[in-house]
Amino acid sequence: MTFLLIDQLCKRYGAIEAVASSSLAIDKGEFVSLLGPSGCGKTTTLQMIAGFVEVTSGRIVLDGRDITHAKPASRGLGVVFQSYALFPHMSVRDNVAFGLQMRKVAKSEIARRVDHTLALVRLDKHAERYPRELSGGQRQRVALARALVIEPPVLLLDEPLSNLDAHLREEMQFEICRIQNEVGITTLMVTHDQAEALSISDRVVVMEAGRITQIDNPWQLYEHPSTPFISDFVGKANRLRGVTGPDGLPQVAAQGPLTLSLRPEKIGLGASGSGKLEGRISSRYFLGSQWLYRVDTTLGSLAVVRVNDGSTALEPGSAVSLTWDDRLLRVLDAGEVAA
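These figures come from a predicted structure and were not determined experimentally.

Draft legend 1. Main features of empty space enclosed by the protein. Scanning all chains against the criterion turns up one cavity of 30 Å³ or more. In this structure, the largest cavity encloses a volume near 50 Å³. Along the walls of the largest cavity sit Tyr222, Glu223, Pro225, Ser261, Leu262, Arg263, Lys266, Leu328 and Arg330, which together make up its complete lining. Among the elements of the structure, helix H8 (218-223) and strand S13 (258-262) are those that each provide at least two residues to the lining of the largest cavity.

Here it is, written out as structure tokens:
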């Protein structure tokens, strides 16, 4: 059942349409991510839901209540900003308690809820520290605790992990997922990181140039991108020309009218003469758990990913043969293949 409804939401700045007629229905307890590049309208959408940006047209409905023009404080939403926005002169405990104090909650109830929330985010042993004494991940959890302690109906996360290093960012992705699952709170997160969105979301909403272009669960989004942009933005992809074969499946064809997408990990790499397409390795990149090869072929340069199984990597200049299952080709459109 829909808990948060965005209905034909639009934001214009003069002649510029930052968000164009966007609609999204989010169920109670669902974790949804708005994914897209900078300037696509995802943060503006989140800010309209939070009440920080005025809506030009459309509606925002929360649990049956129209909050389109309600003041931010009256919406009762929990917001975690990209910068965390912690009070540097306050302890962790006081930062988390601040929202409850502003709501004039009884002191005994504040103490109970702050203790519970700090335990939830695993910061109960750091309650008396100050933000400057914490790591980036710990400060992020303080911000999360401050948003959760008011027991909001919806949690809004604005690029919450962008200030963390790569290792900590991955660790915190699953920490946020754990907390969200434990609390069961409806969550909407803005991110430009496709791995982040795919790893912890129930559904991902891709935005491009102010418009929602696809809404799907992470697997469907990755395996069945609806546009060339999504194919490239969500993971790596090879673009190929193709035709529809006699069995109804798409097939690669040098002059075909279709635009096809084929993920690098879906391509087999073998000895020359053993596959569908001959090629020669032009370069290779070591990614730890994988090797990424660029292979020159008559269809252009293709990316191929192979799992690092400990065997010796192929050398640049090696003649190879590529193969794939036509069922893994995805038709993007009938237009030109991008360069």
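Draft legend 2. Local environment of the side chain of arginine 113. With respect to the element layout, arginine 113 can be found in helix H4 (residues 107-120). Not counting residues up to four positions away in its chain, the partners in contact with arginine 113 are Leu100, Val105, Val149, Ile150 and Glu151.

Draft legend 3. Layout of H4. In a regular helix each residue adds 1.5 Å, so 14 residues correspond to 20 Å; H4 covers 20 Å between its end C-alpha atoms and thus fits that length. The elements touched by buried residues of H4 are helix H3 (92-102), helix H5 (136-148) and helix H6 (166-183).

Draft legend 4. Region of the structure containing the packing of H5 against H6. Where H5 meets H6, the closest approach of the two axes is 11 Å, and the angle between their N-to-C directions is 25 degrees. One finds that H5 runs roughly parallel with respect to H6. Viewed along their axes, H5 and H6 form a crossing whose handedness is right-handed. Touching Gly136, Gly137, Gln140, Arg141, Leu144 and Leu148 of H5 are Leu168, Met172, Glu175, Ile176 and Ile179, all from H6.

Draft legend 5. Representation of the layout of surface pockets within the structure. The volume enclosed by the largest pocket comes to roughly 440 Å³. Taken together, 18 residues form the lining of the largest pocket, with Leu77, Val79, Phe81, Arg103 and Ile150 sitting closest to its centre. Elements represented by at least two residues in the lining of the largest pocket include exactly helix H2 (72-75), strand S6 (78-80), H3 and H5. When grouped by side-chain class, the residues that make up the lining of the largest pocket number 13 nonpolar, three polar and two charged.

The rules behind the values
- Residues numbered from 1 in each chain as written.
- Predicted model: local features only at pLDDT ≥ 70, side-chain atom pairs only at ≥ 80, totals over all residues.
- Heavy atoms only, no water.
- 1 Å grid on protein atoms, 1.4 Å probe; cavity = no way out; pocket = protein on both sides within 12 Å on 5 of 7 lines; lining within 4 Å.
- Points joined across faces, edges and corners; volume = space filled by probe spheres on them.
- Helix = DSSP H or I, 4+ residues; strand = E, 2+ residues; numbered from the N terminus.
- Contact = heavy atoms within 4.5 Å.
- Expected span 1.5 Å × (residues − 1).
- Axes fitted to C-alpha atoms, helices over the stretch in contact; angles between N-to-C directions.
- Parallel < 35°, antiparallel > 145°, perpendicular 65-115°, else oblique.
- Left-handed = near helix turned anticlockwise from the far one by under 90°.
- Nonpolar A, V, L, I, M, F, W, Y, C, P; charged D, E, K, R; others polar.

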